[in-house]
Amino acid sequence: MTRTVTAYSPADLPADVAQHDLVHPAGEDRRWRESYYFSFYDTRHGIGGFSSIGRRVATGHSGSVNVLWGPDRHSLVASEWDSFEKLENHTHVAGMTYSSQQPFGDWRLEFDGKLNDGGDGVECDHAALGPVAKSAADSVDVSYDLTFTPTHPPYVYREDSRWSELFTGHVDEVGLVKGTITIDGTTIEIDGRGGKDHSWGVRNWFAPDDWRWIDLVSDTGPEVAMWRADLGGWIGDGAVFTDPAADLAAGDERAIVGYTETVRTAPRPDVPGKPIPTGLSAEITTGSGVHQLEGTVVRVLPVLFDRRSDGTLQRSWNDRSLLSTTVDGHSGWANVEFAGRVENP
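Keep in mind that what you see is a predicted model, and the values were worked out from it rather than measured.

Chemist: Go over the overall build of the chain, please, and point to the residues and values.
Modeler: Scanning the chain for helices and strands turns up one helix and 19 strands. Computed over its C-alpha atoms, the radius of gyration of the chain comes to 19 Å, within 12% of the 20 Å expected for a compact globule of 345 residues. Across its three principal directions, the C-alpha atoms of the chain cover 50 × 50 × 45 Å. Evaluated residue by residue, the chain yields a buried proportion of 54% over its 345 residues. Relative to all contacts within the chain whose residues are 6 or more apart in sequence, the contacts with residues 24 or more apart total 61%. Just so you have it, the chain exposes about 14800 Å², and 48% of that area is on carbon and sulfur atoms. With 30 positive and 52 negative side-chain charges, the chain shows a separation of 4 Å between the mean positions of the two kinds.

Structure, rendered in C-alpha coordinates:
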(Lines give C-alpha, C1' and ligand atoms only; values in the text may rest on other atoms or scores of the structure.)
Protein backbone atom coordinates (compact mmCIF):
# COMPACT_ATOMS: atom_id res chain seq x y z
CA MET A 1 0.00 0.00 0.00
CA THR A 2 1.29 3.45 -0.89
CA ARG A 3 0.22 6.88 0.22
CA THR A 4 -2.75 8.47 -1.54
CA VAL A 5 -1.69 12.00 -2.45
CA THR A 6 -4.48 14.56 -2.23
CA ALA A 7 -4.15 17.52 -4.59
CA TYR A 8 -2.41 20.43 -2.90
CA SER A 9 -2.01 23.80 -4.57
CA PRO A 10 0.50 26.34 -3.22
CA ALA A 11 -1.51 29.01 -5.03
CA ASP A 12 -4.21 28.55 -2.37
CA LEU A 13 -1.93 29.64 0.46
CA PRO A 14 -2.59 33.02 2.12
CA ALA A 15 -0.04 35.68 1.17
CA ASP A 16 1.26 35.97 4.75
CA VAL A 17 2.13 32.25 4.66
CA ALA A 18 3.46 32.14 1.08
CA GLN A 19 6.02 34.91 1.75
CA HIS A 20 7.82 32.67 4.25
CA ASP A 21 9.25 30.56 1.42
CA LEU A 22 11.18 33.60 0.19
CA VAL A 23 14.30 35.21 1.65
CA HIS A 24 13.77 37.60 4.57
CA PRO A 25 15.25 41.01 5.40
CA ALA A 26 18.48 40.38 7.27
CA GLY A 27 18.97 41.44 10.87
CA GLU A 28 22.04 43.33 12.08
CA ASP A 29 23.56 40.46 14.09
CA ARG A 30 26.54 38.94 12.25
CA ARG A 31 25.18 35.49 13.11
CA TRP A 32 21.95 36.16 11.18
CA ARG A 33 21.54 33.31 8.72
CA GLU A 34 19.07 32.19 6.07
CA SER A 35 19.03 28.47 5.39
CA TYR A 36 17.16 25.84 3.41
CA TYR A 37 17.26 22.12 4.04
CA PHE A 38 16.04 19.12 1.99
CA SER A 39 15.96 15.39 2.68
CA PHE A 40 14.64 12.28 0.96
CA TYR A 41 14.44 8.51 1.25
CA ASP A 42 13.68 6.01 -1.52
CA THR A 43 12.69 2.65 -0.01
CA ARG A 44 12.96 0.76 -3.32
CA HIS A 45 16.68 1.46 -3.64
CA GLY A 46 17.54 1.84 0.06
CA ILE A 47 19.07 5.24 -0.49
CA GLY A 48 18.46 8.54 1.23
CA GLY A 49 20.17 11.83 1.64
CA PHE A 50 20.01 15.36 2.89
CA SER A 51 21.54 18.69 2.02
CA SER A 52 21.44 22.22 3.35
CA ILE A 53 22.63 25.65 2.29
CA GLY A 54 23.05 28.46 4.79
CA ARG A 55 23.96 32.06 4.03
CA ARG A 56 25.24 34.73 6.43
CA VAL A 57 24.37 38.10 4.96
CA ALA A 58 26.72 40.19 7.13
CA THR A 59 29.80 38.36 5.85
CA GLY A 60 28.65 37.29 2.37
CA HIS A 61 29.66 33.73 3.23
CA SER A 62 27.65 30.62 2.42
CA GLY A 63 28.12 26.99 3.37
CA SER A 64 26.63 23.64 2.51
CA VAL A 65 26.44 20.07 3.70
CA ASN A 66 25.63 17.34 1.19
CA VAL A 67 25.05 13.68 2.15
CA LEU A 68 23.93 10.42 0.53
CA TRP A 69 23.55 7.29 2.68
CA GLY A 70 21.59 4.12 3.36
CA PRO A 71 21.72 1.01 5.56
CA ASP A 72 23.63 -0.97 2.93
CA ARG A 73 25.54 1.91 1.35
CA HIS A 74 28.64 3.92 2.02
CA SER A 75 28.03 7.37 3.51
CA LEU A 76 29.03 10.01 0.96
CA VAL A 77 29.49 13.49 2.40
CA ALA A 78 31.05 16.89 1.95
CA SER A 79 30.81 20.30 3.57
CA GLU A 80 31.79 23.22 1.34
CA TRP A 81 32.13 27.00 1.60
CA ASP A 82 31.42 29.76 -0.90
CA SER A 83 30.47 33.44 -1.09
CA PHE A 84 27.64 35.52 -2.53
CA GLU A 85 26.98 39.17 -3.26
CA LYS A 86 23.19 39.41 -2.95
CA LEU A 87 20.59 37.41 -1.03
CA GLU A 88 18.28 35.92 -3.67
CA ASN A 89 15.50 33.34 -3.67
CA HIS A 90 17.64 30.79 -5.51
CA THR A 91 20.91 29.71 -3.97
CA HIS A 92 24.13 28.06 -5.10
CA VAL A 93 27.15 26.68 -3.21
CA ALA A 94 30.07 24.73 -4.69
CA GLY A 95 28.23 22.79 -7.37
CA MET A 96 24.87 22.56 -5.58
CA THR A 97 21.87 24.69 -6.54
CA TYR A 98 18.38 25.13 -5.08
CA SER A 99 15.77 26.88 -7.22
CA SER A 100 12.00 27.36 -7.31
CA GLN A 101 9.50 29.20 -9.47
CA GLN A 102 6.67 29.47 -6.93
CA PRO A 103 6.60 29.88 -3.14
CA PHE A 104 5.92 26.50 -1.51
CA GLY A 105 5.74 24.86 -4.91
CA ASP A 106 8.28 22.57 -6.58
CA TRP A 107 11.94 23.03 -5.70
CA ARG A 108 14.70 21.73 -7.96
CA LEU A 109 17.89 20.39 -6.34
CA GLU A 110 20.94 20.01 -8.57
CA PHE A 111 24.49 18.90 -7.85
CA ASP A 112 27.53 17.99 -9.93
CA GLY A 113 30.82 17.35 -8.17
CA LYS A 114 32.47 15.00 -5.70
CA LEU A 115 31.61 13.67 -2.26
CA ASN A 116 33.94 12.08 0.28
CA ASP A 117 33.57 8.37 1.00
CA GLY A 118 32.80 8.00 4.70
CA GLY A 119 32.73 4.20 4.64
CA ASP A 120 30.01 1.67 5.41
CA GLY A 121 30.27 1.71 9.20
CA VAL A 122 27.49 3.00 11.43
CA GLU A 123 29.52 6.13 12.18
CA CYS A 124 30.87 8.05 9.22
CA ASP A 125 34.67 8.18 8.98
CA HIS A 126 35.59 11.57 10.48
CA ALA A 127 38.18 12.08 7.74
CA ALA A 128 35.28 12.50 5.29
CA LEU A 129 33.55 15.32 7.16
CA GLY A 130 35.26 18.36 5.62
CA PRO A 131 35.53 19.84 2.13
CA VAL A 132 36.54 17.46 -0.65
CA ALA A 133 39.75 19.39 -1.36
CA LYS A 134 40.92 19.05 2.26
CA SER A 135 39.72 15.54 3.03
CA ALA A 136 42.02 12.57 3.56
CA ALA A 137 39.19 10.24 2.49
CA ASP A 138 38.69 9.00 -1.05
CA SER A 139 36.16 10.94 -3.12
CA VAL A 140 33.49 9.78 -5.56
CA ASP A 141 31.93 11.52 -8.58
CA VAL A 142 28.29 12.34 -7.81
CA SER A 143 25.58 14.23 -9.63
CA TYR A 144 21.87 14.53 -9.10
CA ASP A 145 18.80 16.31 -10.39
CA LEU A 146 15.91 15.99 -7.95
CA THR A 147 12.57 17.76 -7.55
CA PHE A 148 10.81 18.20 -4.22
CA THR A 149 7.01 18.51 -4.64
CA PRO A 150 5.10 19.31 -1.44
CA THR A 151 2.02 17.18 -0.81
CA HIS A 152 0.81 18.96 2.35
CA PRO A 153 0.47 22.65 3.24
CA PRO A 154 3.55 23.99 5.08
CA TYR A 155 3.67 24.16 8.85
CA VAL A 156 4.89 27.54 10.17
CA TYR A 157 6.33 27.53 13.69
CA ARG A 158 4.55 29.66 16.25
CA GLU A 159 6.21 32.99 17.11
CA ASP A 160 8.14 32.64 20.36
CA SER A 161 11.04 34.83 21.47
CA ARG A 162 12.63 31.88 23.31
CA TRP A 163 13.81 30.56 19.91
CA SER A 164 15.74 33.79 19.24
CA GLU A 165 19.22 32.20 19.55
CA LEU A 166 18.36 29.54 16.94
CA PHE A 167 16.00 31.30 14.52
CA THR A 168 13.39 34.02 14.11
CA GLY A 169 11.17 31.87 11.90
CA HIS A 170 11.02 28.26 10.78
CA VAL A 171 8.81 26.33 8.31
CA ASP A 172 8.49 22.57 7.74
CA GLU A 173 7.12 20.64 4.74
CA VAL A 174 6.82 17.06 3.50
CA GLY A 175 6.34 15.77 -0.04
CA LEU A 176 7.54 13.73 -3.00
CA VAL A 177 11.15 13.64 -4.22
CA LYS A 178 11.76 12.39 -7.76
CA GLY A 179 14.64 12.48 -10.23
CA THR A 180 18.00 10.82 -10.76
CA ILE A 181 21.23 10.33 -8.81
CA THR A 182 24.44 9.19 -10.47
CA ILE A 183 27.21 7.77 -8.25
CA ASP A 184 30.51 6.79 -9.86
CA GLY A 185 28.80 6.32 -13.23
CA THR A 186 25.75 4.36 -11.96
CA THR A 187 22.39 6.14 -12.26
CA ILE A 188 19.52 5.53 -9.83
CA GLU A 189 15.92 6.58 -10.57
CA ILE A 190 14.59 8.19 -7.39
CA ASP A 191 10.92 8.04 -6.38
CA GLY A 192 10.65 8.69 -2.65
CA ARG A 193 9.37 10.89 0.13
CA GLY A 194 11.17 13.91 1.50
CA GLY A 195 11.21 16.84 3.87
CA LYS A 196 12.08 20.50 3.52
CA ASP A 197 12.62 23.29 6.01
CA HIS A 198 13.47 26.97 5.89
CA SER A 199 14.91 28.99 8.78
CA TRP A 200 15.91 32.63 9.13
CA GLY A 201 17.40 34.61 11.99
CA VAL A 202 20.33 34.25 14.39
CA ARG A 203 21.82 30.75 14.62
CA ASN A 204 23.96 30.24 17.72
CA TRP A 205 25.06 26.60 17.71
CA PHE A 206 26.20 26.89 21.34
CA ALA A 207 23.02 28.36 22.84
CA PRO A 208 21.20 25.06 23.54
CA ASP A 209 22.46 22.55 26.08
CA ASP A 210 20.79 19.88 23.94
CA TRP A 211 18.32 19.54 21.12
CA ARG A 212 16.31 16.97 19.23
CA TRP A 213 15.37 17.54 15.62
CA ILE A 214 13.28 14.98 13.72
CA ASP A 215 12.50 14.79 10.01
CA LEU A 216 10.56 11.56 9.38
CA VAL A 217 8.95 10.43 6.13
CA SER A 218 6.84 7.40 5.27
CA ASP A 219 5.23 5.90 2.17
CA THR A 220 2.07 4.95 4.07
CA GLY A 221 1.80 6.55 7.51
CA PRO A 222 2.17 9.71 9.58
CA GLU A 223 5.18 11.92 8.87
CA VAL A 224 6.89 14.10 11.47
CA ALA A 225 8.84 17.36 11.43
CA MET A 226 9.76 18.83 14.82
CA TRP A 227 12.45 20.62 16.82
CA ARG A 228 12.99 20.67 20.59
CA ALA A 229 15.80 22.55 22.29
CA ASP A 230 16.98 23.06 25.85
CA LEU A 231 17.47 26.82 26.00
CA GLY A 232 17.49 27.20 29.77
CA GLY A 233 14.34 25.07 29.70
CA TRP A 234 12.84 22.91 26.97
CA ILE A 235 10.91 24.50 24.13
CA GLY A 236 9.48 22.68 21.13
CA ASP A 237 7.34 22.99 18.03
CA GLY A 238 6.54 20.99 14.93
CA ALA A 239 3.82 18.94 13.28
CA VAL A 240 2.61 15.46 12.41
CA PHE A 241 1.48 15.35 8.79
CA THR A 242 -1.44 13.01 8.08
CA ASP A 243 -4.02 14.98 6.09
CA PRO A 244 -3.07 17.30 3.19
CA ALA A 245 -6.25 19.27 3.80
CA ALA A 246 -5.20 20.14 7.38
CA ASP A 247 -6.25 23.60 8.54
CA LEU A 248 -3.54 26.29 8.39
CA ALA A 249 -5.20 28.50 10.99
CA ALA A 250 -4.06 28.93 14.59
CA GLY A 251 -4.88 25.83 16.59
CA ASP A 252 -3.93 23.60 13.64
CA GLU A 253 -4.47 20.03 14.85
CA ARG A 254 -1.18 18.97 13.23
CA ALA A 255 0.77 20.96 15.80
CA ILE A 256 2.74 18.94 18.35
CA VAL A 257 1.63 19.82 21.88
CA GLY A 258 3.40 17.05 23.82
CA TYR A 259 6.57 14.99 23.44
CA THR A 260 8.36 12.44 25.62
CA GLU A 261 11.29 10.27 24.58
CA THR A 262 13.78 7.61 25.55
CA VAL A 263 17.14 7.75 23.75
CA ARG A 264 19.30 4.63 23.63
CA THR A 265 23.08 5.08 23.39
CA ALA A 266 26.34 3.17 23.41
CA PRO A 267 29.75 4.37 24.66
CA ARG A 268 31.94 6.23 22.20
CA PRO A 269 35.41 5.34 23.53
CA ASP A 270 37.27 8.25 21.97
CA VAL A 271 34.72 10.88 23.14
CA PRO A 272 33.59 10.03 26.69
CA GLY A 273 31.24 13.02 26.88
CA LYS A 274 29.24 12.13 23.77
CA PRO A 275 27.90 8.55 23.54
CA ILE A 276 26.73 7.39 20.12
CA PRO A 277 22.93 7.17 19.66
CA THR A 278 21.54 3.72 18.87
CA GLY A 279 17.77 4.18 19.05
CA LEU A 280 14.80 6.37 19.93
CA SER A 281 11.35 5.72 21.40
CA ALA A 282 8.94 8.66 21.58
CA GLU A 283 5.33 9.55 22.24
CA ILE A 284 4.15 12.53 20.19
CA THR A 285 0.87 14.26 21.02
CA THR A 286 -1.06 16.57 18.67
CA GLY A 287 -4.52 18.08 18.84
CA SER A 288 -5.87 15.05 17.01
CA GLY A 289 -4.25 12.26 19.03
CA VAL A 290 -1.12 10.46 20.23
CA HIS A 291 1.49 8.86 17.95
CA GLN A 292 4.06 6.23 18.93
CA LEU A 293 7.50 6.42 17.30
CA GLU A 294 10.14 3.69 17.39
CA GLY A 295 13.49 4.06 15.64
CA THR A 296 16.78 2.21 15.25
CA VAL A 297 19.92 4.11 14.24
CA VAL A 298 21.64 2.72 11.12
CA ARG A 299 24.01 5.60 10.27
CA VAL A 300 25.56 8.48 12.24
CA LEU A 301 27.28 11.53 10.77
CA PRO A 302 28.75 13.99 13.29
CA VAL A 303 28.29 17.69 12.47
CA LEU A 304 30.85 19.64 14.52
CA PHE A 305 31.32 23.33 15.37
CA ASP A 306 34.15 24.56 17.63
CA ARG A 307 34.78 27.70 19.64
CA ARG A 308 37.04 28.78 22.51
CA SER A 309 35.54 30.30 25.64
CA ASP A 310 37.91 31.52 28.39
CA GLY A 311 40.61 29.30 26.93
CA THR A 312 38.41 26.19 26.93
CA LEU A 313 37.64 24.44 23.65
CA GLN A 314 33.91 23.81 23.31
CA ARG A 315 32.41 21.67 20.58
CA SER A 316 28.78 21.71 19.46
CA TRP A 317 28.50 18.02 18.57
CA ASN A 318 25.45 17.10 16.51
CA ASP A 319 25.05 13.41 15.68
CA ARG A 320 22.92 13.61 12.54
CA SER A 321 21.52 10.09 12.31
CA LEU A 322 19.55 7.97 9.85
CA LEU A 323 16.92 5.83 11.59
CA SER A 324 14.69 3.00 10.41
CA THR A 325 11.36 3.85 12.05
CA THR A 326 7.76 2.97 12.68
CA VAL A 327 5.04 5.46 13.61
CA ASP A 328 1.80 3.85 14.76
CA GLY A 329 3.00 0.66 13.04
CA HIS A 330 3.77 2.33 9.68
CA SER A 331 7.38 1.96 8.53
CA GLY A 332 9.46 4.96 7.54
CA TRP A 333 12.85 6.61 7.66
CA ALA A 334 14.01 9.57 9.73
CA ASN A 335 16.87 12.02 9.99
CA VAL A 336 17.29 12.79 13.69
CA GLU A 337 19.75 15.21 15.31
CA PHE A 338 21.12 14.27 18.72
CA ALA A 339 22.92 17.49 19.61
CA GLY A 340 24.87 18.61 22.65
CA ARG A 341 28.04 20.37 23.80
CA VAL A 342 31.33 18.63 24.53
CA GLU A 343 34.04 20.30 26.62
CA ASN A 344 37.69 19.78 25.59
CA PRO A 345 36.98 17.05 23.01
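Chemist: Describe the packing of aromatic side chains, listing the residues and the values that go with them.
Modeler: To describe a pair of aromatic rings, one takes the distance between the centres and the angle between the planes. Taken as a whole and assessed by the stated rule, the structure comprises 18 aromatic pairs. A ring pair is formed by Tyr 37 and Trp 213, whose centres lie 5.0 Å apart and whose planes are at 90°; its orientation type is edge-to-face. Highlighted residues: Tyr 37 in strand β1 (residues 32-42) and Trp 213 in strand β12 (residues 210-217), separated in sequence by 176 residues. Overall, the relative accessible area of 5% leaves Tyr 37 in the buried class. Residues Phe 111 and Tyr 144 carry aromatic rings whose centres are separated by 5.6 Å and whose planes lie at 35° to one another, so their mutual orientation is tilted. On the criterion of sequence distance, the pair formed by Phe 111 in strand β7 (residues 107-117) and Tyr 144 in strand β8 (residues 139-150) is long-range, its members being 33 residues apart. Each member of the pair, Phe 111 as well as Tyr 144, carries the same accessibility label: buried. One aromatic cluster in this structure is built from Tyr 155, Tyr 157, Trp 163, Phe 167, Trp 205, Trp 211, Trp 227 and Phe 305.

What counts, and where the lines are drawn
- Residues numbered from 1 in each chain as written.
- Predicted model: local features only at pLDDT ≥ 70, side-chain atom pairs only at ≥ 80, totals over all residues.
- Heavy atoms only, no water.
- Helix = DSSP H or I, 4+ residues; strand = E, 2+ residues; numbered from the N terminus.
- Rg over C-alpha atoms; globule rule 2.2 N^0.38 Å.
- Buried < 20%, exposed > 50% of the residue type's maximum accessible area, 1.4 Å probe, protein only.
- Contact = heavy atoms within 4.5 Å.
- Areas by Shrake-Rupley, 256 points an atom, 1.4 Å probe, with all protein chains shown as cover.
- Lys, Arg positive; Asp, Glu negative; His and termini not counted.
- Charge placed at Lys NZ, Arg CZ, Asp CG, Glu CD.
- Phe/Tyr/Trp six-rings, centres within 6.5 Å; stacked < 30°, edge-to-face > 60°.

Keep in mind these values describe shape, not function.
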